[in-house]
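Reading the structure
What follows is each chain in one-letter form.
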Amino acid sequence: MRRRVAITGIGLVTPLGNSTADSWRALLEGRSGIAPITSFDPSGYPVQIAAEVRNFQPALDGSRRKLLKFASRHVQFALAAAQQAIEDAGVRPDPRSASRWACVAGSGMMGVAFEELAQIQRRLAPHGDFRGELMFKPGGPAPDPVAYGRNQANAGIALLVQCFGIKGYAGAIHTACASGGQAVGLALRLIRRGSADFALAGGFDSMINPIGLASFCLLGALSTDNDAPAQASRPFDLTRNGFVLGEGAGFMVLEEWQAARRRGARIYAELAGDGNSLSSYRVTDSHPSGDGPIQAMRRALEDAGADPAEVGYINAHGTSTIMNDRSECAAIRAVFGAASRVKVSSTKSLMGHLIAGAGAVEAAIGALVIHHGRLPVNANLNHPDPQCDLNFVREAEPPHRVRVAMSNSFGFGGSNSCLVLRHREDAGE
Amino acid sequence: MSAAITRAEVEAVYPRVANAVAQALARDPAEVSLNSRLFADLEAESIDLLDIVFRLEREFKIQIPRGRIIEDARGDLSEAEFENNGVLTAAGLARLRDYLSEVPADNFRPRMNIADVPTLFTVETMCKMVVRAMRAAGA
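Residues numbered from 1 in each chain as written. Chains lettered and ligands numbered in written order. Predicted model: local features only at pLDDT ≥ 70, side-chain atom pairs only at ≥ 80, totals over all residues. Heavy atoms only, no water.

With that settled, the discussion passes to the overall build of chain B. Looking only at helices and strands, chain B features six helices and two strands. Its helices and strands taken in sequence order, chain B reads α-α-α-α-β-β-α-α from the N to the C terminus. Taking 2.2 N^0.38 as the reference for a compact globule, 139 residues should give roughly 14 Å; the C-alpha atoms of chain B span a radius of gyration of 15 Å, in line with that estimate. The buried share among the 139 residues of chain B stands at 45%. A sequence separation of at least 24 residues applies to 58% of the contacts in chain B between residues at least 6 apart. Here chain B carries 17 positive and 22 negative side-chain charges, and the mean point of each set is 3 Å from the other. (Helix = DSSP H or I, 4+ residues; strand = E, 2+ residues; numbered from the N terminus. Rg over C-alpha atoms; globule rule 2.2 N^0.38 Å. Buried < 20%, exposed > 50% of the residue type's maximum accessible area, 1.4 Å probe, protein only. Contact = heavy atoms within 4.5 Å. Lys, Arg positive; Asp, Glu negative; His and termini not counted. Charge placed at Lys NZ, Arg CZ, Asp CG, Glu CD.)

Shown next as structure tokens:
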């Protein structure tokens, strides 16, 4: 019989709050995390708003505190969210179990801290041309040796495994906005195939810096509604004009089902299905027909052994760009049928787009939806786009049981990730 | 051979050295003392030593060539007299013990690997390193 996977711990650091409880409460209350940018001066940028993590204090205890010097902002989010998830699960790697733990994370669409790059450039290009050899000149402008460790693409995963003493398997996923979802999906597969019994799985990112913001401005992908930040992210609304950049991290503790049951763990939901596809269409465009996402959703449902009719909630990728929203709606219609009344919302309407972190945070939201029987609203949906005629969650609804939830994440480069979660009482042991 | 480093010289630089060590290793300053061993007591790893040296160079505006301690300790011994395939000779060990006079004698083990020498370093070793570099800069 196939091994099943339980979600037993959740940790979130998001623009809506620095814990799972705070983030979840803001989602239910429809409180926006989008505001004018404070982490740097965006004057002169066409976009001056973002969903920033606020009042964040990186905290690690004892000898692990030293790890923070190797951690740039997005990695600090990851460490904090992972710490929460482990505490929430009430299980952690110990000398006996450490080799049975895996850590998989989607991370860093841009891993290098902008300020650090700028500093190196200032020191080593005094007259415009970059001169690396100046680093080794006596009395020269040597850069901080720790910066090297901080800016490796795998810096986050390296610190996570070190921090929690994980000794089984590590994987860092870089598939842009699909990264977080695919990391969680890969962790599911590791446990299923017996490579691990536990996994710390999630995603983290922060692109709210002068280069990250500029990149998306140049692509014309961001909302320029600087005067109305809380209304700027309007997935599926006819008046939407782009996404809002967010930052943060989400981690979950996944466990082999029977073992989680034996130890009496609180199970949020079963992580039941993982579906992936590649559009191989264009670098940044999604196929208008929904080709790509359609296959990912079908594969995830099939993997979960779930029928579309069982699905009670879809956390859409829903970026608030015309291209994504229409393509995703076409895909959902293709999979669920034009008459489907499945509830859909995009939580990016409140927390913006966490890029490589989005898929993991939103899968965790799917688990919370099932656990609490509450649906987060799709905020700012006042004039639904007629080409996005789905059954959106526009207002708070009374609690009701959700048997199966789905979370979509699609990335530049054509990676499509879909995760399916199931109510623990329907897991069919 | 330059004059021995005085207690006063060490104490003059100690507060700033201790602060740099505490920051690099994310320790409360109260946990750091002149006798603290960087590796065994303060849980440093090799990259932390680089970090500490970098911070000291910045703090005191000095240059500390990497590998200087070993070179200084060797002094006028030839490499062959000092070490054999990375293992300290008896003469090499004696030289090192003299040079790292702040390190308790029983921490030096016969046939020590040169690569393990940094595990002997204490906060006072860092102070002396700074004093020597300041002297060299002033010379």
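How large an interface is tends to be reported as the accessible area lost when its parts come together. All names here are of chain A. According to the domain assignment, chain A contains domain 1 (5-113 + 151-424) and domain 2 (115-148). Computed from C-alpha coordinates alone, the two centres of domain 1 and domain 2 are separated by 36 Å. Among the residues domain 1 hides against domain 2, the three largest losses belong to A113, N151 and Q152. Together they make up 67% of the total. For the interface between domain 1 and domain 2, the tally reads zero salt bridges. For the pair domain 1 and domain 2, the interface holds one residue pair in polar contact (both at pLDDT 80 or more). (Domains from an automatic or database assignment. Buried area = accessible area lost by both parts, 1.4 Å probe. Salt bridge = Lys/Arg side-chain N within 4 Å of Asp/Glu carboxyl O. Polar contact = N/O pair within 3.5 Å; in protein donor to acceptor, adjacent residues only side chain to side chain.)

So, about the interface of chain B and chain A. The interface of chain B with chain A comprises 16 residues on the first partner and 13 residues on the second. The largest per-residue losses of area from chain B upon contact with chain A belong to B:A26, B:I47 and B:F54, which jointly make up 40% of the total buried on that side. Applying the counting rule to chain B against chain A returns five salt bridges. A:K69 is the salt-bridge partner of B:D48, the closest N and O atoms lying 2.7 Å from each other. The interface formed by chain B and chain A includes seven residue pairs in polar contact (both at pLDDT 80 or more). Across the side of chain B that touches chain A, the residue classes break down as seven nonpolar, one polar and eight charged. (Nonpolar A, V, L, I, M, F, W, Y, C, P; charged D, E, K, R; others polar.)

A separate point is the sheet that holds strand β4 (residues 101-107) of chain A. Residue and element names in this part refer to chain A. Taken in spatial order, the eleven strands make up an open sheet running β5-β4-β6-β7-β1-β8-β13-β12-β9-β10-β11, and their pairing is mixed. Looking at the sheet topology across the chains shown, the edges are occupied by β5 (169-173) and β11 (391-392). Bridge analysis of β4 against β5 gives five bridges, and the strand direction is parallel. Note that in β5 the partner of G106 across the bridge is I173. Each of β1 (5-13), β4, β5, β6 (198-206), β7 (247-256), β8 (269-278) and β13 (415-422) is contacted by helix α6 (residues 179-192), which is oriented at about 115 degrees to β8, the strand it contacts most. (Pairing = 2+ DSSP bridges. Axes fitted to C-alpha atoms, helices over the stretch in contact; angles between N-to-C directions.)

Let us now look at α6(A). Residue and element names in this part refer to chain A. Between the first and last C-alpha of α6 there are 20 Å, a value that for 14 residues agrees with the 20 Å anticipated at 1.5 Å per step. Within α6, twelve of the 14 residues are buried, which leaves the element mostly enclosed by the surrounding structure. Taken together, the buried positions of α6 are occupied by S179, G180, G181, Q182, A183, V184, G185, A187, L188, L190, I191 and R192. (Expected span 1.5 Å × (residues − 1).)

The next subject is helix α2 (residues 46-60) of chain B. Residues and elements named next belong to chain B. The end-to-end C-alpha separation of α2 is 22 Å, in line with the 21 Å expected for 15 residues at 1.5 Å each. Every buried residue of α2 is accounted for by D48, L49, D51, I52, V53, F54, R55, L56, E57 and F60. K61 occupies a position one or two residues after α2 and carries a positive phi of about 50 degrees.

Quick look at unusual backbone geometry now. Despite not being glycine, A:N380 has its phi angle at roughly 65 degrees, a positive value. Exposure remark for A:N380: the relative accessible area of 15% places this residue in the buried category. You will see that B:K61, though not glycine, has its phi angle at about 50 degrees, which is positive. Here B:K61 lies in the loop between α2 and α3 (68-74).

It is worth spelling out the packing of aromatic side chains at this point. Residues and elements named next belong to chain A. Counted according to the given criterion, the structure contains seven aromatic pairs over all chains. Seen from their ring centres, W101 and F198 are 4.9 Å apart, and the 10 degrees between their planes marks the pair as stacked. Of this pair, W101 sits in strand β4 while F198 sits in strand β6; the two residues are 97 residues apart in sequence, bridging distant segments of the chain. An aromatic cluster is built from F216, F243 and F412, whose rings are joined through pairwise contacts. (Phe/Tyr/Trp six-rings, centres within 6.5 Å; stacked < 30°, edge-to-face > 60°.)

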